[in-house]
Amino acid sequence: ISAGTNPIVADTDGDGVNDKDDAFPTDANESSDNDGDGTGDNEDADDDGNGIPDDQEGMFTQATSKQVTESFIYPTIGNGIINIEVNNGEAFNVHVFDLNGQKVLTESNLQMKTNINLSTKSSGCYIILIEQNAKIIEFQKVIIQ
């Protein structure tokens, strides 16, 4: 029994989720906390804890195709020289976004292993997407110091 709950009522806050299954049994607006950060998913701007705000996540995950293609983006923290590998022999494009969702760089028709230079960009966090055959095959958050 959580503090503030009514032991006689199965759903103290009346949100339709029984107290035993409700991460916030006294808050009718919240019932789950997927990333375990203590903020309910309805209020949490990043409810899965992946570093991408929920209101921007759709643009990064739509049409994502995690195929058998092996792809790598590294290092994830560094000076701005980012290595990118796609090991299926097909050309690919790279798109870089800042955390405001603004595209800051696009490199097209790349092959196998390449690098992109973000060292002239402001320090901070960026999202790198690898696109191939009109589908996003990989994305990664990187931090430029």
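Our subject is the structure that appears above.
All values derive from a computational prediction rather than experimental measurement.

(A) Just the sheet that holds strand S2 (residues 77–78), in detail. Ordered in space as S2-S8-S7-S4-S5, the 5 strands form an open sheet in which the pairing is mixed. What marks the edges here is a single partner per strand, and that holds for S2 and strand S5 (103–110). Looking at chain direction, strand S4 (residues 92–98) and strand S7 (residues 124–132) are connected through 6 bridges and run antiparallel. The residue of S7 that forms the bridge with His 95 is Leu 129.

(B) Region of the structure containing the environment of Asp 19. One can find Asp 19 in the segment before helix H1 (54–61). Given the relative accessible area of 15%, Asp 19 is considered buried. Each C-alpha atom, one on Asp 19 and one on Ser 31, is 8.9 Å from the other, the two residues being 12 residues apart in sequence. In this structure the side chain of Asp 19 is engaged in a polar contact, spanning 2.5 Å, whose partner is the side chain of Thr 12.

(C) Up close: the pattern of salt bridges. Across all of its chains, the model carries 1 salt bridge by this definition. Two residues, Lys 20 and Asp 21, come together in a salt bridge whose shortest N-O distance is 3.3 Å. Overall, the relative accessible area of 71% leaves Lys 20 in the exposed class.

(D) Fine view of the side chain of Gln 132. Mapping Gln 132 onto the fold places it in strand S7. Residue class for Gln 132 comes out buried when judged on its relative accessible area of 2%. A polar contact of 3.1 Å, which involves the side chain of Gln 132, links it to the backbone oxygen of Glu 90.

(E) Region of interest: the pairing of S4. For S4, a buried count of 6 out of 7 residues is recorded, marking the element as mostly surrounded by other parts of the structure. Connecting S4 to the antiparallel partner S5 that follows it, the hairpin turn spans 4 residues, and Gly 101 within it adopts a positive phi of roughly 85°.

(F) Inspection of the pairing of strand S3 (residues 81–86) at higher detail. In this sheet, S3 lies alongside strand S1 (residues 71–74) in antiparallel orientation, the contact comprising 4 bridges. Following the sheet pairing, Ser 71 is matched in S3 by Val 86. Bridging between S3 and strand S6 (residues 113–117) involves 5 bridges; their strand directions are antiparallel. Its bridge partner lying in S6, Ile 84 is registered against Thr 114.

(G) Region of interest: the environment of Thr 12. Turning to its location among the elements, Thr 12 is positioned in the segment before H1. It is 8.7 Å that separates the C-alpha atoms of Thr 12 and Asp 27, two residues lying 15 residues apart in sequence. Leave out the neighbours within four places in its chain, and Thr 12 touches Gly 4, Thr 5, Asn 6, Asp 19 and Pro 25.

(H) Quick peek at unusual backbone geometry. Note the cis peptide between Tyr 74 and Pro 75, where omega equals -10°. Here Pro 75 shows up in the loop between S1 and S2. The residue Asn 109 is not glycine, and still its phi comes out positive at about 55°. Here Asn 109 is to be found in strand S5. You will see that Met 112, though not glycine, has its phi angle at about 45°, which is positive. Its location among the elements puts Met 112 in the loop between S5 and S6.

Here is what the cut-offs are and how they apply
- Residues numbered from 1 in each chain as written.
- Predicted model: local features only at pLDDT ≥ 70, side-chain atom pairs only at ≥ 80, totals over all residues.
- Heavy atoms only, no water.
- Pairing = 2+ DSSP bridges.
- Helix = DSSP H or I, 4+ residues; strand = E, 2+ residues; numbered from the N terminus.
- Buried < 20%, exposed > 50% of the residue type's maximum accessible area, 1.4 Å probe, protein only.
- Polar contact = N/O pair within 3.5 Å; in protein donor to acceptor, adjacent residues only side chain to side chain.
- Salt bridge = Lys/Arg side-chain N within 4 Å of Asp/Glu carboxyl O.
- Contact = heavy atoms within 4.5 Å.

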